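# Working through the structure, step by step
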Amino acid sequence: MSTDDAREVTAHRYARLDRATGSRAAPLAVVDLDAFDRNADALVARAGGAPIRLATKSVRCRHLIARALARPGFQGLLAFSLREALWLAGTQIGGDILVAYPCVDAAAVGELAGDDRARERIALVVDAPEQLALIGSAVRAVAPARRGPVRVWLDIDCSLRVGPAHLGARRSPLHTVSEVVRAARAVGRSVKPVGSGHSFSPVALTDGVLVDLSGMCGLAGVDRNVARASALGLPAALGESVSLVRVRAGTRLRHLNQMLAEQGLAMPNLGDIDAQTISGALATGTHGTGARFPGLAACVTAVQLVLADASIVECSRHVRPELFAAARLGIGAIGIVTEVELACVPAFLVRAQERPERLDAVLERLPAWGADTDHVDLYVFPHTDRALVKRNTRLGPGEDGPRLADWRRRLDDDLLSNTVLERVCRLGSRSPARVPALNEVAGRALSARTFVAPSHEVFVTRRDVRFRECEWAVPAASLVPLLTGLREYFARRDPVVGMPVEVRFGAADDVWLSPGFGRDTGYLAVHEHHSAPPSSYFADVEAMVREHAGRPHWGKLHGLGADRLRELYPRFDDFVAVRDAVDPQRLFGNEYLTRVLGD
């Protein structure tokens, strides 16, 4: 558009506004509704599916508020004051109303407490115990027959500090986990930390305060070459030179692996998923594979956590040892972990040998592989005689080998293990009769390969296929009988099972709620594609492993309760005693913990 054309359009627009407003007295305002709607749509697009709460201090016209709320993507109001919220609650403008700023108007709080309709729609933001006391006093001043509970939200500071610099408004005095816990106690709500949301079990679900630790990330310190592993009470397999690394709780494993590599260090062992935060992985009993290597929690040397009384404590084998024994794998029941100290080893390479095998040969050789190979990972394809065996060997200093070509990695790990598997699973969900043939193809699709790579690149595999999972820890000697029983089960099962069974090994450890506590362990994981209809598969496997004293992975699906778990975990009552001592009111509780630990 030329300059002259733009001037003409502007002149036409002002002439139109003059005609529309000429008979009206000032002051007045004019809103271009087309522009208003375009701006609203742009906000919805930028929100990426998250609902938008409309701030009434920015849109002061009730008709425009109603117009915005009628559009998809907008939900609820953010009011400037409680008086304004009370007025809005009496109008026909829909949606719930959150009062954005802490309220000290005791009379208005009293009106809210006595108005049933307003209480259904209005919640107050609070950011200090003193404000809660004011609200409580105002509510109690209303006659008992007329008053009801007033809903509140906690306002937590989410601004960013980088050294001396501060980005964002200091909107709330709640800056730390400890302050959040103290405020949650004051409002009588439970508190649950959440990591990456990777768990299949409801271990982190709550209707109270959910604390996202993802902003607490990075290394807090590295103490190199401290001692031999055995001198620190760690598994001897960690070797002669152990470094202690302080890690903030919200650090994701994929980022931790990168940061350790930059320091010339590595985790002693890893699971095959790196999406979890370190605190979430420890809390649920994440493990890798390897008969000489226990789960991740066994490599923890110290824990910093916030307890239910909002105190910040440090524990280790020598400082509050009972608390440490419970907190390093605490399933979120002991407190909110804010930092952990991990025993790490010098970075190392791994030689990966992967090949398809017949199941009969695998069952015959599996015990020897588990004992003689550093890390064994096995995938059994249901309704076939096929399995994929991964045998990984740790290399010493100076040892090396051929790297995996990029095209081969893309073919095997991206295309076959994810894209093709996803399509096979979807096809199997639609046509169950095809599953045995599809599994036969999948079991043969991956050909043998041998390569060398840094440990975390071998241990971790890309997983894009969505599924449900349950996993059981059994005595290592029980794996072959269980796999034999599963083969017979698949032969007679209808409907059929589309996804592989995964088998791994682990060393005994002394972590109270570790599935590997006190015994050399075999891990057996079964999966269902997310598109498959629910079936009896997981319950059937749970019944099979019961005969082998199967212990569940805390982050995966299972149906066990406290009575059965007490039989399976020798230190179960010790764990509960620590929980009783540090959280007698169950501030960190939820329905899942009530089921697995008792009231």
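Throughout this document, residue positions are counted from 1 along each chain, in the order its sequence is written. At least 70 in pLDDT is required for a residue's local features to be given in this predicted model, at least 80 for side-chain atom pairs to be given and counted, and no such filter applies to totals for whole chains, interfaces and linings, which use all residues. To get the side-chain values, all heavy atoms of the structure are used, and hydrogens and water are removed first.

Runs of H or I in DSSP of at least four residues are treated as helices and runs of E of at least two as strands, each being numbered from the N terminus. Here Thr338 shows up in strand β15 (residues 336–346). Contacts are assigned to residue pairs with any non-hydrogen atoms lying within 4.5 Å of each other. With residues up to four places along the chain from it excluded, the contact list for Thr338 reads Val177, Met216, Val247, Arg248, Ala249, Gln304, Leu305 and Val306.

Two strands form a pair only when DSSP identifies at least two bridges running between them. Within the open sheet, the 8 strands sit side by side as β19-β16-β18-β17-β21-β22-β20-β23. Their pairing is antiparallel. In this open sheet, the two strands that pair with only one neighbour each are β19 (449–454) and β23 (551–552). One ladder, built from 9 bridges, connects strand β16 (residues 349–358) with strand β18 (residues 386–394); its direction is antiparallel. Residue pairing across strands places Pro356 opposite Leu388, the latter belonging to β18.

A helix is expected to span 1.5 Å multiplied by its residue count minus one. Relative to the 20 Å expected for 14 residues at 1.5 Å per residue, helix α12 (residues 359–372) spans 19 Å between its end C-alpha atoms, a close match to the ideal helical length. The sharpest bend along α12 reaches about 55° and sits at Arg365, with the proline Pro367 one to four residues further on. Burial in α12 covers these residues: Leu359, Val362, Leu363, Leu366, Trp369 and Gly370. In this fold, the buried residues of α12 make contact with β16, β17 (375–380), β18, α16 (479–492) and β21 (501–506). Bending is quantified residue by residue as the angle between axes fitted to the seven-residue window ending at that residue and the seven-residue window starting at it. To sort residues, take the accessible area from a 1.4 Å probe on protein chains only and compare it with the maximum for the residue type: under 20% means buried, over 50% means exposed, and anything in between is partly exposed.

Attention now goes to the pattern of salt bridges. We count a salt bridge whenever a side-chain nitrogen from Lys or Arg sits within 4 Å of a carboxyl oxygen from Asp or Glu. Within the structure shown, the criterion is met by 31 salt bridges. Residues Arg504 and Asp272 are paired through a salt bridge, measuring 4.0 Å at the closest nitrogen-oxygen approach. Pair noted here: Arg504 is in strand β21 and Asp272 is in the loop between β12 (265–266) and α10 (278–284), with a separation of 232 residues, a long-range link. Taking the relative accessible area as the measure of exposure, Arg504 reaches 4% and is therefore buried.

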